[in-house]
Amino acid sequence: MIPFLPPPQIQEVPFASAPAPFPGPAETLRSPDGRWLLVHVGAQRPESLLKNEHQLLLMDLKGGGTSRLLSYGRHADACFSPDGRHLLVTDWSAADAATVRLYHLEAAPVRGSLERWIGPLQRQVKSSSFQVLGWQDSKTFRLQWWGYGGEAEAKSFRKGLEVRLDDGVKEVYPREEGVPR
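Residues numbered from 1 in each chain as written. Predicted model: local features only at pLDDT ≥ 70, side-chain atom pairs only at ≥ 80, totals over all residues. Heavy atoms only, no water.

Draft legend 1. Geometry of the sheet that holds strand β8 (residues 97-105). Spatial strand order, β1-β6-β7-β8-β9: five strands in an open sheet with antiparallel pairing. Every other strand in the sheet has two partners, leaving β1 (20-22) and β9 (109-112) as the edge strands with one partner each. Between one strand and the next, the sheet's axes are offset by a mean angle of 30°, whatever the strand orientation. (Pairing = 2+ DSSP bridges. Helix = DSSP H or I, 4+ residues; strand = E, 2+ residues; numbered from the N terminus. Axes fitted to C-alpha atoms, helices over the stretch in contact; angles between N-to-C directions.)

Draft legend 2. Expanded view of the environment of Leu-56. Its place among the elements puts Leu-56 in strand β4 (residues 54-60). Its relative accessible area of 0% is what places Leu-56 among the buried residues. Apart from residues no more than four positions distant in its own chain, Leu-56 is found in contact with Phe-22, Leu-38, Val-39, His-40, Ser-67, Arg-68, Leu-69, Leu-70, Tyr-72, Ala-76 and Val-89. (Buried < 20%, exposed > 50% of the residue type's maximum accessible area, 1.4 Å probe, protein only. Contact = heavy atoms within 4.5 Å.)

Draft legend 3. Here's a closer look at the side chain of Asp-77. Take Asp-77: it is sitting in strand β6 (residues 75-80). It is Arg-74 that comes nearest to the buried, bridge-free Asp-77 among opposite-charge side chains, at 11 Å. Within polar-contact distance, the side chain of Asp-77 engages the side chain of His-75 at 2.9 Å. Once residues within four sequence positions are removed from consideration, Asp-77 is found in contact with Pro-19, Ala-20, Pro-21, Leu-88, Val-89, Thr-90 and Trp-92. (Lys, Arg positive; Asp, Glu negative; His and termini not counted. Salt bridge = Lys/Arg side-chain N within 4 Å of Asp/Glu carboxyl O. Polar contact = N/O pair within 3.5 Å; in protein donor to acceptor, adjacent residues only side chain to side chain.)

Draft legend 4. Expanded view of the pattern of salt bridges. By the definition in use, this model includes eight salt bridges. Residue Arg-142 is joined to Glu-162 by a salt bridge in which the shortest nitrogen-to-oxygen separation is 3.2 Å. Placement of Arg-142 in strand β11 (residues 140-149) and of Glu-162 in strand β12 (residues 152-164) is noted, with a sequence separation of 20 residues between them. A salt bridge links Glu-171 to Lys-159; the nearest nitrogen and oxygen atoms lie 3.4 Å apart. Within this pair, whereas Glu-171 is found in strand β13 (residues 169-173), its partner Lys-159 is found in strand β12, the two being separated by twelve residues in sequence. When its relative accessible area of 43% is taken as the criterion, Glu-171 is described as partly exposed. By relative accessible area, Lys-159 is classed as partly exposed at 24%. One continuous salt-bridge network, built from bridges that share partners, spans Arg-142, Glu-162 and Lys-170.

Quick look at the structure:
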(Lines give C-alpha, C1' and ligand atoms only; values in the text may rest on other atoms or scores of the structure.)
Protein backbone atom coordinates (compact mmCIF):
# COMPACT_ATOMS: atom_id res chain seq x y z
CA MET A 1 0.00 0.00 0.00
CA ILE A 2 1.25 3.44 -0.88
CA PRO A 3 -0.19 6.11 1.40
CA PHE A 4 -1.43 9.39 0.02
CA LEU A 5 1.39 11.91 -0.15
CA PRO A 6 1.10 15.64 0.39
CA PRO A 7 1.64 18.06 -2.47
CA PRO A 8 5.21 19.34 -2.83
CA GLN A 9 4.53 22.68 -1.11
CA ILE A 10 3.71 20.93 2.17
CA GLN A 11 7.17 19.35 2.14
CA GLU A 12 8.98 22.71 1.89
CA VAL A 13 9.51 22.62 5.67
CA PRO A 14 11.03 19.33 6.84
CA PHE A 15 9.36 17.56 9.74
CA ALA A 16 11.13 17.26 13.09
CA SER A 17 9.68 13.75 13.35
CA ALA A 18 8.19 11.68 10.51
CA PRO A 19 6.17 8.44 10.72
CA ALA A 20 7.80 5.01 10.58
CA PRO A 21 5.84 2.16 8.91
CA PHE A 22 4.86 -1.04 10.73
CA PRO A 23 5.39 -3.70 9.64
CA GLY A 24 8.46 -2.30 8.00
CA PRO A 25 12.24 -2.49 7.82
CA ALA A 26 12.54 -1.72 11.54
CA GLU A 27 10.42 -3.53 14.12
CA THR A 28 11.01 -0.89 16.81
CA LEU A 29 10.95 2.88 17.17
CA ARG A 30 12.61 4.70 20.09
CA SER A 31 11.31 8.01 21.39
CA PRO A 32 13.69 10.98 21.01
CA ASP A 33 14.09 11.24 24.80
CA GLY A 34 15.04 7.54 24.98
CA ARG A 35 12.30 6.65 27.46
CA TRP A 36 9.86 4.78 25.22
CA LEU A 37 10.29 1.93 22.77
CA LEU A 38 7.49 1.14 20.31
CA VAL A 39 7.64 -2.52 19.29
CA HIS A 40 5.85 -4.22 16.40
CA VAL A 41 4.74 -7.80 17.00
CA GLY A 42 3.80 -9.45 13.72
CA ALA A 43 0.94 -11.78 12.97
CA GLN A 44 1.87 -15.33 13.88
CA ARG A 45 0.23 -17.02 10.89
CA PRO A 46 0.19 -15.78 7.27
CA GLU A 47 -3.54 -16.46 6.91
CA SER A 48 -4.31 -14.20 9.87
CA LEU A 49 -2.92 -10.95 8.48
CA LEU A 50 -6.35 -9.33 8.14
CA LYS A 51 -7.62 -10.36 11.55
CA ASN A 52 -5.99 -7.61 13.65
CA GLU A 53 -3.19 -9.85 14.77
CA HIS A 54 -0.37 -7.35 14.37
CA GLN A 55 0.25 -5.37 17.53
CA LEU A 56 2.09 -2.25 18.61
CA LEU A 57 3.43 -2.46 22.14
CA LEU A 58 4.92 0.47 24.05
CA MET A 59 7.70 -0.30 26.50
CA ASP A 60 8.63 2.17 29.25
CA LEU A 61 12.43 1.90 29.38
CA LYS A 62 12.65 4.16 32.45
CA GLY A 63 9.85 2.90 34.68
CA GLY A 64 9.40 -0.59 33.29
CA GLY A 65 6.20 -2.06 32.00
CA THR A 66 4.67 -2.65 28.60
CA SER A 67 1.33 -1.48 27.22
CA ARG A 68 -0.51 -2.77 24.17
CA LEU A 69 -1.48 0.30 22.15
CA LEU A 70 -3.00 -1.13 19.01
CA SER A 71 -4.02 -4.37 17.35
CA TYR A 72 -4.30 -4.05 13.59
CA GLY A 73 -4.58 -6.12 10.46
CA ARG A 74 -2.95 -4.21 7.63
CA HIS A 75 -0.47 -1.47 8.32
CA ALA A 76 0.28 1.31 10.81
CA ASP A 77 2.53 4.37 10.85
CA ALA A 78 3.81 5.91 14.08
CA CYS A 79 5.86 8.91 15.16
CA PHE A 80 6.89 10.38 18.49
CA SER A 81 6.83 14.10 19.12
CA PRO A 82 10.35 15.59 19.20
CA ASP A 83 10.24 15.79 23.03
CA GLY A 84 8.97 12.20 23.38
CA ARG A 85 5.84 13.27 25.29
CA HIS A 86 3.31 12.30 22.58
CA LEU A 87 2.85 9.55 20.02
CA LEU A 88 0.70 9.64 16.88
CA VAL A 89 -0.36 6.42 15.15
CA THR A 90 -2.11 6.04 11.80
CA ASP A 91 -4.05 2.77 11.62
CA TRP A 92 -4.60 1.84 7.94
CA SER A 93 -7.74 -0.29 7.83
CA ALA A 94 -7.76 -0.22 4.00
CA ALA A 95 -5.65 1.26 1.20
CA ASP A 96 -7.69 4.46 1.35
CA ALA A 97 -9.08 4.38 4.90
CA ALA A 98 -7.16 5.37 8.01
CA THR A 99 -7.68 6.53 11.58
CA VAL A 100 -5.26 8.60 13.67
CA ARG A 101 -4.72 8.00 17.38
CA LEU A 102 -2.93 10.35 19.79
CA TYR A 103 -1.24 9.09 22.96
CA HIS A 104 0.03 11.28 25.79
CA LEU A 105 3.11 9.70 27.33
CA GLU A 106 3.76 10.51 30.95
CA ALA A 107 3.93 7.85 33.67
CA ALA A 108 1.97 5.56 31.32
CA PRO A 109 0.49 6.00 27.84
CA VAL A 110 -2.94 7.63 27.86
CA ARG A 111 -5.01 7.70 24.70
CA GLY A 112 -6.03 11.25 23.92
CA SER A 113 -8.86 12.45 21.78
CA LEU A 114 -8.50 14.29 18.49
CA GLU A 115 -12.22 15.18 18.59
CA ARG A 116 -11.50 18.78 19.54
CA TRP A 117 -9.59 19.33 16.31
CA ILE A 118 -10.93 16.88 13.75
CA GLY A 119 -14.42 16.06 15.02
CA PRO A 120 -16.03 19.16 13.46
CA LEU A 121 -14.32 18.34 10.16
CA GLN A 122 -15.51 14.72 10.16
CA ARG A 123 -19.11 15.82 10.70
CA GLN A 124 -18.97 17.87 7.48
CA VAL A 125 -18.62 14.84 5.20
CA LYS A 126 -19.98 11.31 4.89
CA SER A 127 -16.69 9.50 4.53
CA SER A 128 -13.23 10.74 5.43
CA SER A 129 -9.88 9.55 6.74
CA PHE A 130 -6.82 11.08 8.35
CA GLN A 131 -3.11 10.27 8.07
CA VAL A 132 -0.22 11.56 10.19
CA LEU A 133 2.37 13.40 8.10
CA GLY A 134 4.73 14.30 10.94
CA TRP A 135 5.55 16.57 13.86
CA GLN A 136 6.79 20.09 13.12
CA ASP A 137 7.74 20.66 16.76
CA SER A 138 6.72 19.24 20.15
CA LYS A 139 3.29 20.92 20.05
CA THR A 140 2.46 20.97 16.33
CA PHE A 141 1.78 18.15 13.90
CA ARG A 142 0.36 17.84 10.40
CA LEU A 143 -2.35 15.55 9.13
CA GLN A 144 -3.65 14.78 5.70
CA TRP A 145 -7.45 14.63 5.47
CA TRP A 146 -9.25 13.13 2.50
CA GLY A 147 -12.58 11.69 1.56
CA TYR A 148 -15.83 12.11 -0.32
CA GLY A 149 -18.98 14.00 0.44
CA GLY A 150 -19.96 17.30 1.90
CA GLU A 151 -21.72 19.83 -0.29
CA ALA A 152 -20.84 17.99 -3.51
CA GLU A 153 -21.48 14.34 -2.61
CA ALA A 154 -19.60 12.85 -5.55
CA LYS A 155 -16.58 15.14 -5.23
CA SER A 156 -13.44 13.92 -3.53
CA PHE A 157 -11.09 16.16 -1.58
CA ARG A 158 -7.63 16.15 0.00
CA LYS A 159 -6.43 18.74 2.50
CA GLY A 160 -3.46 19.23 4.73
CA LEU A 161 -4.08 20.29 8.31
CA GLU A 162 -1.76 21.76 10.91
CA VAL A 163 -2.81 20.92 14.48
CA ARG A 164 -1.45 22.72 17.54
CA LEU A 165 -1.99 20.77 20.77
CA ASP A 166 -2.51 23.97 22.76
CA ASP A 167 -4.57 25.78 20.14
CA GLY A 168 -6.53 24.80 17.06
CA VAL A 169 -6.33 23.46 13.55
CA LYS A 170 -5.77 25.27 10.28
CA GLU A 171 -5.75 24.21 6.67
CA VAL A 172 -2.25 24.41 5.12
CA TYR A 173 -3.02 23.05 1.64
CA PRO A 174 -4.35 23.33 -0.90
CA ARG A 175 -3.59 27.00 -0.64
CA GLU A 176 -5.06 29.64 -2.86
CA GLU A 177 -2.97 30.70 -5.84
CA GLY A 178 -1.11 33.97 -5.27
CA VAL A 179 -1.57 33.87 -1.49
CA PRO A 180 1.84 33.97 0.24
CA ARG A 181 2.50 31.69 3.20
